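Commentary on secondary and tertiary structure
Residue-level listing of the chains:
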Amino acid sequence: MSATGTLTTPLGGPSLPQERRLVTSIPGPRSRALLERKAAAVAAGVGHTAPIEAVAAGGGVVVDADGNSLIDLGSGIAVTTIGNAHPKIVEAVQAQVAQFTHTCFMISPYESYVAVAEALNRITPGEFAKKSALFNSGAEAVENAVKIARKFTGKQAVVAFDHGYHGRTNLTMALTAKAMPYKSGFGPFASEIYRAPLSYPFRDGLSGADAAARAIAVMEKQIGVDGLAAVVIEPIQGEGGFIVPADGFLNALVDWCRANGVVFIADEIQTGFARTGAMFASEVFGIVPDLITTAKGIAGGLPLAAVTGRAEIMDASHAGGLGGTYGGNPVACAAALVAIEAFEEEGLAQRATGIGDILTRRLTALKAADPRIGDVRGRGAMIAAEFVDPATGAPDAALTSAVAKSCIADGVIVLTCGTYGNVIRFLPPLSIPDDLLEEGLDVVAAALAAH
Ligand SMILES: *Cc1c(COP(=O)(O)O)cnc(C)c1O
């Protein structure tokens, strides 16, 4: 491994050439034909970012049906962190699928589910007895974390934060801050959900201590601690704009929760599994959550999610109160075991830090030359640029969306985010070669210069 953590053996992928290659305009004719079928057959509410038909992916590229090879700076939203179609995942999945595909863990338990729980209990922060429960999606994990916290405390209220994103199911819509597109027209929402102000250093200029005092005042004076079961927060906001809270903010919240008998739930669905340069972002801030929700990067692309935390909290539910037909599917568990082993043994947190160094260097240079980039922030392979009107600092969503569209048309998949839609986020797979990442950022710079 080099100084920036470049892996000597490339991870992942059905040995695809690691190159940006455009043989048609995007979308090409085959992709266009699929998107026509999609428009006719798939509900309009299910959108897409890149107008392509994906046929293969690995390393740092996604290949489309027209033979274009796009640089992947999104990992399918921080999912294929260890690399798409990672050879060890493929092998583990193939072996498991030939053995059995499902029994339902609540009917006939199997070893891989237990092994995933053991691994999560071991690698999550906190030197205390832990237990886990497995689910299918991030939203389902968050819902269950709230159920567990309510059952344990005997209280009902839950606090989420400005700019927070926790999913699209009914309870998690209530926890999610942003109305459009996540909530608009989909109410009524679950009750006993409250919102507190976040620490957003670029926009509020507050120290971590001051931002925490502001949030705690809302919780004490407006919500009341008597009925408060849990606080749910992403250590770094994902969909909300890769907002890194000021130093001390999260620590003060954890201390306050502990002093007031409130369960602190860290939603690490986007930040978990080496993404931020540590196994979990909680470690970056030196906090130890009571419960932690995980999904996305956990199983190399297979659907799996978990709640992990203090054994006495996790055990509060009566038998049969937690679970689901597919939760902890054996194929997903087989993949997760391989992924977790790779995170631990292949130095992937270090690789995320190396990628973060490249992203930060390039985006900081762009910011120095172009005042429309107001802020560059994030940790590890989770870095974003926030676009603003240089005169007023107002969010510039139009520029953001135009730059992102140009990047995709030029063969680089980038994702936007942010409450104001003015953030481009970079979440490359950790298997991306350095030169491909640099080329992707060249395309971003050219797209910005052209607008
Ligand atoms: C993606 C995400 C979720 C929801 O996960 P799904 O698997 O899409 O249900 C919840 N919380 C955070 C922080 C996320 O990034």
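Residues numbered from 1 in each chain as written. Predicted model: local features only at pLDDT ≥ 70, side-chain atom pairs only at ≥ 80, totals over all residues. Heavy atoms only, no water.

1. A short note on the overall build of the protein
Stated formally: For the purposes of this entry, the term helix denotes a DSSP run of H or I that reaches at least four residues, the term strand denotes a run of E that reaches at least two, and both are numbered from the N terminus. All accessible areas in this document rest on Shrake-Rupley with a 1.4 Å probe, and a residue is counted as covered only by the protein chains that are shown. Charge counting treats Lys and Arg as positive and Asp and Glu as negative, with His and both chain ends excluded. All charge positions are set by atom: Lys at NZ, Arg at CZ, Asp at CG, Glu at CD.
Tallying secondary structure elements over the protein gives 15 helices and 15 strands in all. Viewed in the frame of its principal axes, the protein has a C-alpha envelope of about 60 × 60 × 50 Å. Accessible surface for the protein amounts to roughly 17,500 Å². Of this, 55% is attributable to carbon and sulfur atoms. If the 34 positive side-chain charges of the protein are averaged to one point and the 44 negative ones to another, these points end up 5 Å apart.

2. Comments concerning the pairing of strand β3 (residues 69-72)
Let me state the cut-off plainly: When a residue's accessible area, from a 1.4 Å probe over protein chains only, is under 20% of the maximum for its type it is buried; when over 50% it is exposed; and in between it is partly exposed. Two strands qualify as a pair provided DSSP detects at least 2 bridges between them.
In β3, alternate side chains face the same way, and those of S69 and I71 on one face and L70 and D72 on the other are all buried. Alignment of strand β2 (residues 61-64) against β3, held across three bridges, turns out to be antiparallel. What sits directly across from V61, in β3, is I71. Between β2 and β3, which pair antiparallel in sequence order, lie four residues; one of them, G67, sits at a positive phi of approximately 90°. Sheet analysis places β3 next to strand β13 (residues 412-413), joined by two bridges and oriented parallel. Residue I71 lies in a different strand from β13, and its bridge partner there is V412.

3. Some words on the environment of N422
Formally: Residue contacts are defined here by distance: any two heavy atoms, one from each residue, within 4.5 Å place the two residues in contact.
Position of N422 relative to the elements: it lies in the loop between β14 (415-417) and β15 (423-426). Given the relative accessible area of 0%, N422 is considered buried. Distance from N422 to E386, taken between C-alpha atoms, is 5.8 Å for residues 36 residues apart in sequence. In this structure, N422 is in contact with R203, A385, E386, F387, V388, P395, D396, A397, T400 and C417, ignoring residues within four places of it in sequence.

4. Structural notes on the confidence of the model for the protein
Counted only if it meets this: Confidence scores per residue from the predictor, reported as pLDDT, run from 0 to 100.
For the protein, per-residue confidence averages 96 on the pLDDT scale, and 97% of positions sit at 70 or higher. Here residues 1-10 scores under 50 on pLDDT; set against residues more than four positions off or in separate chains, the count is 20 contacts.

5. Considerations on the sheet that holds strand β1 (residues 54-58)
The following threshold applies: Helix axes are fitted only over the stretch in contact, all axes being lines through C-alpha atoms; the angle between N-to-C directions runs from 0 to 180 degrees.
Strand order in the open sheet made by the four strands is β1-β2-β3-β13, with mixed pairing throughout. With one partner strand each, in any of the chains shown, β1 and β13 form the two edges of the open sheet. Each of β2, β3 and β13 is contacted by helix α15 (residues 434-449), which is oriented at about 95° to β3, the strand it contacts most.

6. Topic: the sheet that holds strand β6 (residues 193-196)
Hydrogen bonds between backbone groups are what pair the strands of a sheet, and the pairing can be parallel or antiparallel. Taken in spatial order, the seven strands of this open sheet run β4-β10-β9-β8-β7-β5-β6, and their pairing is mixed. If you trace the sheet from one side to the other, it starts and ends with β4 (130-135) and β6, each paired once. Here the strands of the sheet are splayed against their neighbours by 20° on average, with no regard to which way each runs. Across four bridges, the pairing between strand β5 (residues 157-161) and β6 is parallel. When the bridges of β6 are listed, F161 appears paired with A196. Contacting β4, β9 (291-294) and β10 (305-310), helix α4 (residues 111-123) runs over the sheet at an angle of about 130° to β4. Helix α9 (residues 249-259) contacts β5, β7 (228-233), β8 (263-267) and β10 of the sheet and is inclined by roughly 165° relative to β7.

7. Some points on the site of the ligand
Selection criterion: Near residues are defined by distance, with any heavy atom within 4 Å of the molecule or strand qualifying the residue. The term polar contact refers here to a pair of N or O atoms within 3.5 Å; inside protein, the definition further demands a hydrogen-donor-capable atom paired with an acceptor-capable atom, and it admits residues adjacent in sequence only when both atoms are side-chain atoms. Amino acids outside the nonpolar list (Ala, Val, Leu, Ile, Met, Phe, Trp, Tyr, Cys, Pro) and the charged list (Asp, Glu, Lys, Arg) are all regarded as polar, and Gly is one of them.
Inspection of the region around the ligand gives S137, G138, A139, Y165, H166, E234, D267, I269, Q270 and K296 as its neighbouring residues. Residue D267 places a side-chain N or O atom 2.7 Å away from a nitrogen atom belonging to the ligand. In this structure, K296 approaches the ligand through a side-chain N or O atom, which is 2.6 Å from an oxygen atom. Expressed as a share of its isolated accessible area of 380 Å², the protein-covered part of the ligand is 83%. Here the shell around the ligand is composed, by residue class, of three nonpolar, four polar and three charged.

8. Considering unusual backbone geometry
The step from M180 to P181 runs through a cis peptide bond, and the omega angle for that step is 10°. For P181, the location among the structural elements is in the loop between α6 (170-175) and β6. Put simply, G187 and P188 share a cis peptide bond, and its omega is 5°. The backbone phi angle of H163 is positive, close to 70°, even though this residue is not glycine.

9. A look at the packing of aromatic side chains
Applicable threshold: Only rings of Phe, Tyr and Trp enter the pairing, Trp through its six-membered ring, and a pair is recorded when the two centres are within 6.5 Å. The plane angle decides the type: under 30 degrees is stacked, over 60 is edge-to-face, the rest tilted. Ring-over charges, as used throughout, are those where CZ of Arg or NZ of Lys falls within 6 Å of the ring centre and within 35 degrees of the ring normal.
Summed over the entire model, instances satisfying the criterion amount to eight aromatic pairs. Ring plane angle 80° and centroid distance 6.5 Å describe the contact between Y110 and Y113, whose orientation is recorded as edge-to-face. Assigned by exposure class, Y110 and Y113 land together as buried. Their ring planes at 65° and their centres at 5.2 Å tell us that F273 and F280 sit as a pair that is edge-to-face. For F273, a relative accessible area of 1% translates into the label buried. Assessed through its relative accessible area of 0%, F280 is described here as buried. One aromatic cluster is present, built from ring pairs that chain together F100, F105, Y110 and Y113. Taking NZ or CZ as reference, K183 lies 5.2 Å from the ring centre of F189, over its face. In this structure, R310 is placed above the aromatic ring of F128, and the distance from its NZ or CZ to the ring centre is 4.0 Å.

10. Describing the domain arrangement of the protein
Spelled out, the test is: In this document the domain limits rely on a domain assignment from an automatic tool or a database. By buried area we mean the combined loss of accessible area, with a 1.4 Å probe, across both parts when two parts are placed together. For this document, the term salt bridge refers to a Lys or Arg side-chain nitrogen within 4 Å of an Asp or Glu carboxyl oxygen.
Splitting the protein by domain gives domain 1 (29-82 + 347-449) and domain 2 (89-345). Contacts between the two partners involve 40 residues from domain 1 and, on the opposite side, 33 residues from domain 2. A buried area of about 2,700 Å², summed over both sides, lies between domain 1 and domain 2, and 61% of it is on carbon and sulfur atoms. It is I82, R379 and M382 that lose the most area in domain 1 upon contact with domain 2, and together they represent 25% of the buried surface on that side. Linking domain 1 with domain 2 are two salt bridges, by the criterion used here. Between R425 and E239 there is a salt bridge, and its shortest N-O distance comes to 2.8 Å.

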